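The lines below spell out each chain.
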Amino acid sequence: MNVISLLIVEDNSADVMLIREYLSEKEDVTYEIKEAGSLESGLSLMSHHDFDVVLLDLSLPDSSGLETVRRVVTGFPEIAVIVLTGLQDEETALQAVRYGAQDYLEKQALSPIILHKAIAYAIERKKVMQEKEDLLQDLTKALERIENLEGILPICVSCKKICGEDQQWVRLQDYIRQHTGVEVVQLICPICKNEFENHQP
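Attention in this report is confined to the structure presented alongside it. The structure presented is a predicted model; accordingly, all values stated were derived computationally and were not measured.

Examining the sheet that holds strand β3 (residues 53-57)
In any sheet, the strands associate via hydrogen bonds between backbone groups, in a parallel or an antiparallel arrangement.
And step 1. Across the sheet, five strands lie side by side as β2-β1-β3-β6-β7; this open sheet has parallel pairing. A single partner strand is all that each edge strand has here, and the edge strands are β2 (29-36) and β7 (103-106). Each strand axis lies, on average, 25 degrees off the axis of its neighbour in the sheet, ignoring direction.
And step 2. Where strand β6 (residues 80-85) lies against β7, four bridges are found, and the strand directions are parallel. For L84, the partnering residue across the bridge sits in β7 and is L105.
And step 3. Contacts from helix α3 (residues 66-75) reach β3 and β6 within the one sheet, and its direction differs from that of β3 by about 160 degrees.

This is the structure we're talking about:
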């Protein structure tokens, strides 16, 4: 059975009870639920717990509108955020998605099926986004390595030493070890081996 850690940031107790009731109807998922009645208390809980998803009301006693979304998304980018709105304001909800929320739900249209699907999709979308970010970081690191390798260009055609940034000539394996931490294993390829053996007297 799947276990999902979920935070409800909502100051309306009736809405919280309804959400809890809807979530209890899903038999193949267990929700570990915590509640916060304000943004500050929600942020405090997020800093002490690993939540998979946050259901975030846009109208809280201490914060409202897109600023609410911005503070959660920038402070906890690893958490999937679903915005709850009772404003019938689709433009604000769409802006919230542009700010980094995974989805938005109108409270008036909420149902168990819609809620469960939104949570599942939000977690999956967040996972895909994180994978893309990880790939981007890997690409950035690879590009940095390529920039470092540009310094390998000055190679002596005779002894195969490399002129480093300090203008000192060092052996290829020493240079690679210094810049990457990788030890170079010296082998002889089959072609060179044959040529060497053919030139033996």
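Notes on the environment of Y99
And step 1. In this fold, Y99 is placed in helix α4 (residues 90-99).
And step 2. A relative accessible area of 40% places Y99 in the partly exposed class.
And step 3. Sequence separation between Y99 and E67 is 32 residues; the distance between their C-alpha atoms is 9.5 Å.

Digging into the environment of A120
And step 1. Positionally, A120 belongs in helix α5 (residues 112-149).
And step 2. Residue classification places A120 among the partly exposed residues on the basis of a relative accessible area of 41%.
And step 3. Along the backbone, A120 and I4 are 116 residues apart, and their C-alpha atoms lie at a distance of 9.5 Å.

Structural notes on the pairing of β6
And step 1. Counting buried positions over the six residues of β6 gives six, a clear majority of the element.
And step 2. The alternating pattern of β6 places A80, I82 and L84 and V81, V83 and T85 on opposite faces, both of which are buried.
And step 3. Sheet topology places β3 next to β6; five bridges connect them, and they run parallel. Directly across from V53, in β6, lies its bridge partner A80.

What about the packing of helix α2 (residues 39-48) against α3?
And step 1. Two elements in contact, α2 and α3, have axes separated by 11 Å at closest approach and are oriented at 15 degrees. On the basis of the axis angle, α2 is roughly parallel to α3. Seen along the crossing, α2 lies across α3 with a hand that is right-handed. Of α3, the residues touching α2 (which contributes L39, E40, L43 and M46) are T68, R71 and V72.

Observations regarding the pattern of salt bridges
When the charged atoms of two side chains lie near each other, side chains of opposite charge can form a pair.
And step 1. For the structure shown, the criterion picks out 10 salt bridges.
And step 2. The salt bridge involving R71 is made with E40; its shortest N-O contact spans 2.6 Å. Linking R71 in helix α3 with E40 in helix α2, this pair joins segments that are 31 residues apart in sequence.
And step 3. Classification of R71 as partly exposed rests on a relative accessible area of 28%.
And step 4. Each member of the salt-bridge network shares a partner with another, and the members are E10, D15, D57 and K107.

Rules used in this analysis
- The residue numbering used here restarts from 1 in each chain and proceeds along that chain's sequence as written.
- Residue-level local features of this predicted model are given only where pLDDT is at least 70; pairs of side-chain atoms are given and counted only at 80 or more, and the full residue set underlies all totals for whole chains, interfaces and linings.
- Hydrogens and water are ignored here; the side-chain numbers use all heavy atoms of the structure.
- Two strands are said to pair when DSSP picks up at least two bridges between them.
- The numbering of helices and of strands both runs from the N terminus, where a helix is a DSSP run of H or I of at least 4 residues and a strand a run of E of at least 2.
- With axes taken as lines fitted to C-alpha atoms, and helix axes fitted only over the stretch in contact, angles between N-to-C directions fall between 0 and 180 degrees.
- Note on definitions: a residue-residue contact is assigned when non-hydrogen atoms from the two residues lie within 4.5 Å.
- Each residue's exposure class comes from its accessible area (1.4 Å probe, protein chains only) as a fraction of the maximum for that residue type: buried when under 20%, exposed when over 50%, partly exposed otherwise.
- Angles are sorted into four bins: roughly parallel if under 35 degrees, roughly antiparallel if over 145, roughly perpendicular if 65 to 115, and oblique for all others.
- Definitions for this section: a left-handed crossing has its near helix turned counterclockwise from the far helix by less than a right angle. A right-handed crossing has that turn clockwise.
- When a carboxyl oxygen of Asp or Glu lies within 4 Å of a side-chain nitrogen of Lys or Arg, that pair is called a salt bridge.

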